[in-house]
Amino acid sequence: MPQLDRTVQRKVGLPLSWYDVLLELAAAPERRLRMTELGERVVLSRTRVSRIVDEMVDAGLVCREQNTADKRSAFASLTPAGLARYRETAPHYLRAIEEQFAAGLTDAQLRCVSSALSRVAPPPTAGRG
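Here's what I pulled together on the structure shown here. (Residues numbered from 1 in each chain as written. Predicted model: local features only at pLDDT ≥ 70, side-chain atom pairs only at ≥ 80, totals over all residues. Heavy atoms only, no water.)

1. Some words on helix α1 (residues 2-12)
Then comes step 1: If you check which residues of α1 are buried, you get Leu4, Thr7, Val8 and Val12. Seen end-on, α1 carries its buried residues on one side only, within an arc spanning 95 degrees. The exposed residues of α1 that point more than 90 degrees off its buried face are Pro2, Arg6 and Arg10.
Then comes step 2: Looking one or two residues past α1, Gly13 carries a phi angle of roughly 70 degrees, positive in sign. (Buried < 20%, exposed > 50% of the residue type's maximum accessible area, 1.4 Å probe, protein only. Helix = DSSP H or I, 4+ residues; strand = E, 2+ residues; numbered from the N terminus. Arc of directions from axis to C-beta.)

2. Observations regarding the packing of helix α2 (residues 16-27) against helix α5 (residues 80-100)
Then comes step 1: Between α2 and α5, the shortest axis-to-axis distance is 10 Å and the interhelical angle comes to 115 degrees. By the angle class used here, α2 and α5 are roughly perpendicular. By crossing handedness, the relation of α2 to α5 is classed as left-handed. Contact residues: α2 offers Leu16, Tyr19, Leu22, Leu23 and Ala26, while α5 offers Gly82, Leu83, Arg85, Tyr86, Thr89, Ala90 and Tyr93.
Then comes step 2: Class assignment of the residues belonging to the contact of α2 with α5 gives a composition of nine nonpolar, two polar and one charged. (Axes fitted to C-alpha atoms, helices over the stretch in contact; angles between N-to-C directions. Parallel < 35°, antiparallel > 145°, perpendicular 65-115°, else oblique. Left-handed = near helix turned anticlockwise from the far one by under 90°. Contact = heavy atoms within 4.5 Å. Nonpolar A, V, L, I, M, F, W, Y, C, P; charged D, E, K, R; others polar.)

3. Regarding the pattern of salt bridges
Then comes step 1: Across all of its chains, the model carries seven salt bridges by this definition.
Then comes step 2: Among the salt bridges present, the one from Glu30 reaches Arg32, with a minimum N-O distance of 3.9 Å.
Then comes step 3: A salt bridge links Arg34 to Glu37, with the shortest nitrogen-to-oxygen separation between them at 3.8 Å.
Then comes step 4: Accessibility expressed as a relative area gives 31% for Arg34, which makes it partly exposed.
Then comes step 5: Each of Glu30, Arg32 and Glu65 takes part in salt bridges that share partners, so that together they form one network. (Salt bridge = Lys/Arg side-chain N within 4 Å of Asp/Glu carboxyl O.)

4. So, the sheet that holds strand β2 (residues 62-66)
Then comes step 1: Within the open sheet, the three strands sit side by side as β1-β3-β2. Their pairing is antiparallel. Bordering the open sheet on either side are β1 (32-34) and β2, each of which pairs with just one other strand. For this sheet the average axis-to-axis angle between neighbouring strands, irrespective of direction, equals 25 degrees.
Then comes step 2: Sheet topology note: the β2/strand β3 (residues 74-78) ladder contains five bridges and is antiparallel. (Pairing = 2+ DSSP bridges.)

5. Regarding α5
Then comes step 1: Taking 1.5 Å as the rise per residue, α5 with 21 residues should run 30 Å; its terminal C-alpha atoms sit 30 Å apart, in good agreement.
Then comes step 2: Its maximal kink placed at Thr89, α5 deviates by approximately 35 degrees, while the proline Pro91 follows within four residues.
Then comes step 3: For α5, the set of buried residues is Gly82, Leu83, Arg85, Tyr86, Thr89, Ala90, Tyr93 and Ala96.
Then comes step 4: Buried residues along α5 sit in contact with α1, α2 and β3. (Expected span 1.5 Å × (residues − 1). Bend = angle between axes of the 7 residues up to and from the residue.)

6. Quick word on the nonpolar core
Then comes step 1: Counting residues in hydrophobic clusters, the biggest one holds 32 residues, and the most contacted among them are Leu22, Leu25, Leu38, Met56 and Tyr86.
Then comes step 2: Elements with a contribution of two residues or more to this core: α1, α2, α3 (35-41), α4 (46-58), β3 and α5.
Then comes step 3: With eight residues, α2 is the single largest residue contributor to this core. (Core = buried A, V, L, I, M, F, W, Y, C linked by side-chain atoms within 4.5 Å.)

What follows is the structure, given as structure tokens:
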């Protein structure tokens, strides 16, 4: 993960943790998630997610919206600038995964990894980005 983070930051200047948030919001219905849902989907602590979302709000990539149905919670929503940044970063992220992980595996090994992962995680949702 640290090598992947360095690669993404070097290519597009975006921390991997920010990309993770953009990825989840881009895939979410209406491109927004309750903060608790976002925290469950990304690989970060709840307080770290809150701090990162605050930084991303300052950068104009996401915004916070009050949850009118539950005043105790808020939504993180992807802005048009955030969606553009996600789309800009995705090819670099995917290429880095290919170079740092998948390139060292044979087709048979990749099928094995794919099969194993499909048993523990649902397939990606259509319509990301």
